[in-house]
Number of protein chains: 2
Amino acid sequence: MSQALAKEPAEHKWVYRFGAGGADGSADMKELLGGKGANLAEMSSLGLPVPPGFTITTEVCSAYYDLGRNLPEGLDMQVQAAIEEVGRMVGAKFGDKENPLLVSVRSGAPDSMPGMMDTVLNLGLNDETVEGLAIRASDKRFAYDSYRRFIQMYADVCLGVEHHLFEDILQTYKNECKLANDTDLTADDWLSIIDQFKDCVQQELGKPFPQDIHEQLWGAIGAVFGSWQNARAVTYRRLHDIPAHWGTAVNVQAMVFGNLGDSSATGVAFTRNPATGEKRLYGEFLLNAQGEDVVAGTRTPQNLTEDARKEAGDTAPSLEALMPESFAEFQAICNQLEQRYKDMQDIEFTIQDGKLWMLQTRGGKRTTEAALKIAVDLAEEGVISEAEAVQRINPAQLDQLLHPTLDPDAERDVIASGLPASPGAASGEIVFNSDEAETLKEEGRTVILVRVETSPEDIHGMHAAAGILTSRGGMTSHAAVVARGMGRPCVSGAGSLRIDYKDQTLSVGSLRLEKGDIITIDGTTGQIIRGEVKMRQPKLSGDFAKLMSWADAARVLKVRTNADTAADARIAREFGAEGIGLCRTEHMFFDEDRILAVRQMILATDEDGRREALDKLLPMQRGDFEALFKEMSGLPVTIRLLDPPLHEFLPHTEAEIATVAEAMKVPVKTLYNRVQELKEFNPMLGHRGCRLAISYPEITEMQARAILEAAVSASKASGAAVEPEIMIPLIVGRPEFDFLAARIRKSAEAVEQETGTRIAYTIGTMIELPRACLRAGEIAQSAEFFSFGTNDLTQTGLGISRDDAGSFLTEYIQKGLLDSDPFISIDEEGVGELVKIGVERGRAQNSSLKLGICGEHGGDPKSVAFCHRIALDYVSCSPYRVPVARLAAAQAALSDQDGTGKRET
Amino acid sequence: MSQALAKEPAEHKWVYRFGAGGADGSADMKELLGGKGANLAEMSSLGLPVPPGFTITTEVCSAYYDLGRNLPEGLDMQVQAAIEEVGRMVGAKFGDKENPLLVSVRSGAPDSMPGMMDTVLNLGLNDETVEGLAIRASDKRFAYDSYRRFIQMYADVCLGVEHHLFEDILQTYKNECKLANDTDLTADDWLSIIDQFKDCVQQELGKPFPQDIHEQLWGAIGAVFGSWQNARAVTYRRLHDIPAHWGTAVNVQAMVFGNLGDSSATGVAFTRNPATGEKRLYGEFLLNAQGEDVVAGTRTPQNLTEDARKEAGDTAPSLEALMPESFAEFQAICNQLEQRYKDMQDIEFTIQDGKLWMLQTRGGKRTTEAALKIAVDLAEEGVISEAEAVQRINPAQLDQLLHPTLDPDAERDVIASGLPASPGAASGEIVFNSDEAETLKEEGRTVILVRVETSPEDIHGMHAAAGILTSRGGMTSHAAVVARGMGRPCVSGAGSLRIDYKDQTLSVGSLRLEKGDIITIDGTTGQIIRGEVKMRQPKLSGDFAKLMSWADAARVLKVRTNADTAADARIAREFGAEGIGLCRTEHMFFDEDRILAVRQMILATDEDGRREALDKLLPMQRGDFEALFKEMSGLPVTIRLLDPPLHEFLPHTEAEIATVAEAMKVPVKTLYNRVQELKEFNPMLGHRGCRLAISYPEITEMQARAILEAAVSASKASGAAVEPEIMIPLIVGRPEFDFLAARIRKSAEAVEQETGTRIAYTIGTMIELPRACLRAGEIAQSAEFFSFGTNDLTQTGLGISRDDAGSFLTEYIQKGLLDSDPFISIDEEGVGELVKIGVERGRAQNSSLKLGICGEHGGDPKSVAFCHRIALDYVSCSPYRVPVARLAAAQAALSDQDGTGKRET
């Protein structure tokens, strides 16, 4: 805390002051002071030239809402004292007619929310003080211009008078006086505009523009706190996962003016290039201007450095050339701040009459490529450690690198939006069914598969398509999950689309697209765009590889992949997967050449009939597993036994039933009846998972045999050990496990006897029902591994069907009833506790129990961190998320108190 | 332990001996010795005349199965020693040619399973020993008859030779020799039969009938243990909820013979009348007979007592008259045993040559009426306490008293069976739809509503029907739950029925019944019977009332009812309900005069439209609640806000949609689209419960207003306090609760201001999702009561949809994968733990939290006991189960260690 500042009495401290080489706060007080406030305090303490001011804390924001949008008692005294001190520091006085102190009032949340909340500049001006300002600045035009700007801004932000009303007045005036630019207006012109502005306020509100500068100040403070809950800010927080309870701080700071003539300027800078990461000062400025002019874009900013000017071929001089002393001071400060914050900074500054003032510094936003380069460079410069570099990259951002993305500079004719279900972008011809998608693909054409929703029978079409678009289904709908697994971009649940299969059209409002029309989908933003958009292909640069190697050195959790095919397995292995955590065998059942045998099995009326059909499937499944084992040679492969309800494999529409019946040579009625018989009210809670295997153990026997025969032949072929882990799905307790494990062992013994080869397989289970978590101790006495199926555990734990959640889940998150979508980040308080109970009880009974997670959460950074904390052995995720999980796992390990990966359990 | 018996060495004791006034065991060792063995030991210790023998424990049974149907080591030595001792006691020797010891080998499980397992008599006979027996008994015919009986029984039970083969031989022989009765056969005839029997065994098995008496003994022991898992026994255990792991004991006992002439006899007796409970010795006997002759029914048994003989008008003399000394001894023993066991006994005895032998005593099976009378009489006689009397009645049995039942003596033409979904019986005309059921009811006819399954739109039809029959759905299907709530008999899930709505027929195999044909359903057994069957009406006798008053004095748990209508509430109150624990408001929405307004609400495109429809519903709901509050005056009433998904209220078939669209004056397409829009993949996990209220808070506001306005007017009308408890369904955490509670309070404040009356209402929630149990601490900070909705908690905790469970749940229970149907008795290990967690965390945060349960489990005795142990405040169940719950709650309290109701939590 600064010695220069007078101490407040011992009441609750709402206000933190800064300026004149000291401050009450510091950079590590972001939660309390917001990012802007904390950094202003820090810069002030570092002795940098910061206009003095004070920060009203985020606690006041919470109090403001707790009190029904009223400010807490005692705040006024503290603000009054602080503003007096600011006046003393700059040698002016708030409201003084001759030497008025002007202030800016700005928001500042703990996490930067640029442009989301309100700002008021030049506060403290009224009809009297403006005259004082004119005299002090020896510039009437400047003073009146400042006043009209203030009226306009304050009326808009604090009084709710619409901005365009003032623009209209100004434009009319200019038209009447035949003036082209604002700079053509004289002091008297502005005076006349000021009168009209004030009249406008009077007319709109029925009362005059406030002349009381204290009323102005409190109006602005209230407006900033109020803007925390404006629609823009609420949406931004939801998209960026910022909790509403954080609140914003309010920064009140003495104004400095970059518009006091040609020895004044204002600008912004990045200490490194935010697009590429290159280590060069990067930025721009305007002479004789205020910050808002830079934003308005009416004048072209100039380069900061000579190098940049030359490169750009600009003729307007650089700051370096124009004001070499200020530039040198600024450059030194930039270096100092980068060293202090150990990161690339985004800086705002103003030069008033030749004197440099620092208005803001913060960690700069950057592209993922830049983030990687900066982190690796800083580590190699010795500014940060390799571990810190690893912690600098947001794992979610890696997605940008792993998929093609739309060129940010390209035009986009956005026709609708859906959920960003699987990242990356794709353009192609619209096609409405999977068979056609496949046919067109074979003809060498690129298609986007457009469906109301997808089902397992669309797998081949999804594979053939460059991207998938659905009008129904959430982030974890079939389309979304499968697309992520395949690495296909997907936009799901675009509810404003009307898809008409009969007419083969896709409509939005009055726009109607037909089969063959080109669209582009952006799975990273959820946008649906008409026509083709230029793409950028992913580059996995040397920096990426280097950072990932540091990450791998740091992490404790293993990262596996969810993969059902050899092709997926290969991609995942290239991305660093250390085994397969989930192979869903049912996806193998849908291939055209085997679905007939699958249906025959389902239609069989007795065990013999089923066995006959299963005998046909056996060699196919064995082939699938062999291919997988070869790809994953030397690594563990977890194979889940058949899981979905049988009706998923049967056709549903009458036409489909007729076709299939003919192909299978069974009466339509038989097939129809079986479909009806298998229909369920709640298939999610129905006859599936191990329940199928318990009804028809011969399915399990066939699958176990296929796995073990494949393991024998794969290990003979490669010479490397194959580690099959056979996983029993959807158990509620140990008896089901024991019942099926006995049958698996019997098959394994038979294979061993027949082949003379012993495979070191293990048998484990998916823990995906609340009861299984509770009974984990008992189950662990039999099982060799657990894989937490957190998708289903979320569905049952919260009683929310992921396919039906669309109608209310978004609202839940918007209303703050859930912190975030529990299908994206694990619900730690609910589902997470169930998992923890499962881990604790399981390990207590079986210390060698292997523990992993294979739900969608395995690729979500926040959930990966949770998995680390509860000491799982591995996470498993879709191939394209493997690098994300590796990085997230490393960060989780590095965030441990002692940094060694010692964990909660 | 008896002094008379030699001690075994210190190895594991597999064999417990009894006889000669002593025994190793006693009556309280039923688990180890089985019921029969424990009681033989007890009688022996009491000095009663018991033929000596020994019991091989139930532990051996477990070992037998653990060892893959092999007997454990060391057993043979213990059996050998025991059988030698038995021989010494009776002065004979096992296998001795001159003086052979014969034994019976019988099963004896901890819980009696009459007729379910195997028995072998006269064991120890072979071609040599039979001659010794003939000489000792001075009766060749007796000896050969015994031998042929033995061959027949042993070959059937232990060797698997079918019984009828022997019957055929005997019949052929009698035909050839022109002999009418078995008694006409001479010793030589039997000798010839014996040869043929032995040939038959040789022919069937390819080896001779075993002459080695030790082989015979071990064969019989193995057969008895093996019969524990025969299909009959497995089914019996499932029906009677007997765990498979208990196992059976085997009793080996010296034979005594009631067929040694006219000074011998055999008989059975109850110490009181098992049909009425009257305190009089009740039973029958046969002179010169073995036990199996009584069972065979070829001779008419005689009365035991003179009184009974006179009452029956029989001429055959009573035992009292024929053998006064033996009778007197027997009567004294009966009294002694009743005093010793403090209960009515079911006794088997044999008199051999004038000497009385006791073969078995056990608690006698009895009708519910008898059980009540006996318990009350014993208490009033001072034999047992009132508390003990309360513990004597199986609460589940009370059902028999509360519903009409089929006359057990009436003929039944059973055509099919389903699940005993709601007790009681009913006869009536078949009707296939609910509207017709109602119409016919109005015409004064009695109908049985027959549906594939029922839906909420069938409520009026179910109400109009005397009974409900469905071909689909389990014990907790809609039909079952609603029928139990209404007290209507119901048979559900009768899968062998084919119901054709179009033809209006019901078929089973080749039998075809039409609309209007009479059937009878027995909801207590699940039988479906053609034609009408004679009924017995329930009598709630003075004994019932007396016992229930003792129960009420003992219990700690309150008992409420689930009731949605004033009529239900009235019945429940008569049955002793102490409030309403669950009023499902949605049932009120289905009435014909309001469904239109409900649909209008659902079809509304905005809040105004919804409010308009809700305004129409308000007075109707208020009226419903007023009626409920009046019925329940002075007692608490819990009202759950709207729960089911909206699509339940819309029509579904195209024809229905068309009709409704016309009535509502909306286009068919609009209605059809809305139905499609509201369709869900898993409605159980969809947009329902509080999720509806969060989307459309105006529904909650209307319901809260209706409740409070009704409370005001009901309390004004009656002067008594009304205690509405408003219950929010299906929350996952506190935020949803707070969100809706705020709206309820707002409505309440408005009603208070408008009416000037303050109602002391409370707001609580249904805890019915696993996450809610885990977050109970947090929720309890806001909620005033929890009601555990264990139906949904079972569905989500186990991931089992109760509507779809039919296809696998039965198999699960049969295969021992679950102990019992978790929708009938709460799954204590899983769902029970969730409830316990909810109770503990809730109470820890809010010590005044009121806790209850309102799932179907609230009326299940085992579950009620669980609720008592975890210290809930009340259970709530359907009206007809209220007495069951009262009794179960009393028994749970009395089973507490200290008897004062101190509980686990």
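Described below are features of the structure shown in this document. (Residues numbered from 1 in each chain as written. Chains lettered and ligands numbered in written order. Predicted model: local features only at pLDDT ≥ 70, side-chain atom pairs only at ≥ 80, totals over all residues. Heavy atoms only, no water.)

1. Quick look at the overall build of chain A
A tally of regular secondary structure across chain A gives 35 helices and 34 strands. For chain A, the C-alpha radius of gyration of 33 Å lies close to 29 Å, the compact-globule estimate for 905 residues. Its C-alpha atoms give chain A principal-axis dimensions of roughly 105 × 60 × 55 Å. Out of the 905 residues in chain A, the part that is buried amounts to 59%. (Helix = DSSP H or I, 4+ residues; strand = E, 2+ residues; numbered from the N terminus. Rg over C-alpha atoms; globule rule 2.2 N^0.38 Å. Buried < 20%, exposed > 50% of the residue type's maximum accessible area, 1.4 Å probe, protein only.)

2. Some thoughts on the side chain of Thr266 of chain A
Residue and element names in this part refer to chain A. With respect to the helices and strands, the residue Thr266 is situated in strand S9 (residues 265–270). The buried category is assigned to Thr266, whose relative accessible area is 5%. Here Thr350 takes part through its side chain, which lies 3.0 Å from a polar atom of the side chain of Thr266. (Polar contact = N/O pair within 3.5 Å; in protein donor to acceptor, adjacent residues only side chain to side chain.)

3. So, a negative patch on the surface
A surface patch of like charges, here negative, comprises Asp606, Asp608, Glu612 and Asp615 of chain A. Position of Asp606 of chain A relative to the elements: it lies in the loop between helix H22 (592–603) and helix H23 (607–631). (Patch = residues over 30% accessible without salt bridge, like charges linked within 9 Å, V, L, I, M, F, W, Y side chains within 5 Å. Areas by Shrake-Rupley, 256 points an atom, 1.4 Å probe, with all protein chains shown as cover. Salt bridge = Lys/Arg side-chain N within 4 Å of Asp/Glu carboxyl O. Lys, Arg positive; Asp, Glu negative; His and termini not counted. Charge placed at Lys NZ, Arg CZ, Asp CG, Glu CD.)

4. So, the pairing of strand S22 (residues 518–522) of chain B
Burial within S22 of chain B is extensive, with four of its five residues counted as buried. Connecting the antiparallel pair S22 of chain B and strand S23 (residues 527–530) of chain B is a turn made up of four residues, with Gly526 of chain B showing a positive phi of about 90 degrees. (Pairing = 2+ DSSP bridges.)

5. Some thoughts on the relation of the copies chain B and chain A
Between chain B and chain A, which share one sequence, the superposing operator has a rotation angle of 180 degrees and an axial displacement of 0.0 Å; the RMSD is 0.1 Å. These values place the two chain copies in the arrangement generated by a two-fold rotation axis. The C-alpha atom lying nearest the rotation axis in chain B is that of Asn682 of chain B; the distance is 2.1 Å. Interface overlap between copies: 100% of the residues of chain B at the interface are likewise at the interface in chain A, consistent with a symmetric, same-surface contact. (Least-squares fit on C-alpha atoms with pLDDT ≥ 70 in both. Contact = heavy atoms within 4.5 Å.)

6. Description of the packing of helix H34 (residues 861–869) of chain A against helix H35 (residues 882–895) of chain A
Residues and elements named next belong to chain A. Packing of H34 against H35 brings their axes to within 8 Å, and their N-to-C directions diverge by 50 degrees. One finds that H34 runs oblique with respect to H35. Handedness of the H34/H35 crossing: right-handed. Contacts from Pro861, Val864, Ala865 and His868 of H34 reach H35 at Val884, Ala885, Ala888, Ala889, Ala892 and Ala893. Looking at the contact of H34 with H35, its residues break down into nine nonpolar, one polar and no charged. (Axes fitted to C-alpha atoms, helices over the stretch in contact; angles between N-to-C directions. Parallel < 35°, antiparallel > 145°, perpendicular 65-115°, else oblique. Left-handed = near helix turned anticlockwise from the far one by under 90°. Nonpolar A, V, L, I, M, F, W, Y, C, P; charged D, E, K, R; others polar.)

7. Here we look at the interface of chain B and chain A
The partner chain A presents 49 residues to the 49 residues of chain B that form the contact. Per-residue buried area on chain B facing chain A is highest for Phe681, Leu685 and Arg771 of chain B; these three make up 16% of the total on that side. Viewed at the interface, chain A and chain B are joined by eight salt bridges. A salt bridge links Arg771 of chain B to Asp827 of chain A; the shortest N-O distance between them is 2.6 Å. It is helix H33 (residues 828–845) of chain B that contributes the most residues to the side of chain B that touches chain A, six residues altogether. Along the lines of polarity and charge, the residues of the side of chain B that touches chain A split into 20 nonpolar, twelve polar and 17 charged. (Buried area = accessible area lost by both parts, 1.4 Å probe.)

8. Describing the pattern of salt bridges
Enumeration over the complete set of coordinates arrives at 112 salt bridges over all chains. In this structure, Glu752 of chain B and Arg758 of chain B form a salt bridge, with 2.8 Å as the shortest nitrogen-oxygen distance. Take Arg758 of chain B: its relative accessible area is 66%, and that puts it in the exposed class. One salt-bridge network, held together by shared partners, links Asp145, Arg148, Arg149, Lys174 and Asp182 of chain A.

9. Some remarks on helix H21 (residues 566–574) of chain B
Residues and elements named next belong to chain B. Ala566, Asp568, Ala569 and Ala572 are the residues of H21 that are buried. Buried residues in H21, looked at end-on, bunch into an arc of 155 degrees, giving them a common side. Gly576 lies just past H21 and shows a positive phi near 100 degrees. (Arc of directions from axis to C-beta.)

10. Points about the sheet that holds strand S11 (residues 302–303) of chain A
Residue and element names in this part refer to chain A. Across the sheet, five strands lie side by side as S11-S10-S9-S12-S13; this open sheet has antiparallel pairing. In this open sheet, the two strands that pair with only one neighbour each are S11 and strand S13 (355–363). Strand direction decides the pairing type here: strand S12 (residues 345–352) and S13, joined by eight bridges, are antiparallel. If you follow Gln352 over to S13, its bridge partner there is Lys355.

11. So, the sheet that holds strand S28 (residues 580–584) of chain A
Residues and elements named next belong to chain A. Overall, parallel pairing links the eight strands, which are arranged S27-S28-S29-S30-S31-S32-S33-S34 in a closed barrel. Strand-to-strand twist of the sheet, defined as the mean angle between neighbouring strand axes without regard to direction, takes the value 25 degrees. In the sheet, strand S33 (residues 850–853) pairs with strand S34 (residues 874–877) via two bridges, with the strands oriented parallel. Its bridge partner being in S34, Gly852 is matched across the sheet by Tyr874.

12. As for the environment of Pro697 of chain A
Residue and element names in this part refer to chain A. Summarising the element assignment, Pro697 is placed in helix H27 (residues 697–718). For Pro697, a relative accessible area of 14% gives the class buried. C-alpha of Pro697 to C-alpha of Ile744: the two residues are 47 residues apart in sequence and 9.4 Å apart in space. Once you skip the residues sitting within four places of it in the chain, Pro697 turns out to touch Phe739 and Arg743.

13. Structural notes on the packing of aromatic side chains
Taken as a whole, this structure holds 26 aromatic pairs over all chains when the rule is applied. Measuring from centroid to centroid gives 6.0 Å for Phe808 of chain B and Tyr812 of chain B, while their planes differ by 70 degrees, and the two rings are edge-to-face. Overall, Phe808 of chain B belongs to the buried group, its relative accessible area being 1%. A relative accessible area of 2% places Tyr812 of chain B in the buried class. Taken together, the aromatic side chains of Tyr64, Tyr65 and Phe225 of chain A make up a single cluster linked through ring pairs. Geometry around Trp228 of chain A places Arg237 of chain A over its ring, the cationic atom sitting 3.9 Å from the centre. Arg560 of chain A extends its terminal NZ or CZ atom over the ring of Tyr874 of chain A, reaching a point 3.9 Å from the ring centre. (Phe/Tyr/Trp six-rings, centres within 6.5 Å; stacked < 30°, edge-to-face > 60°. Lys NZ or Arg CZ within 6 Å of the ring centre and 35° of its normal.)

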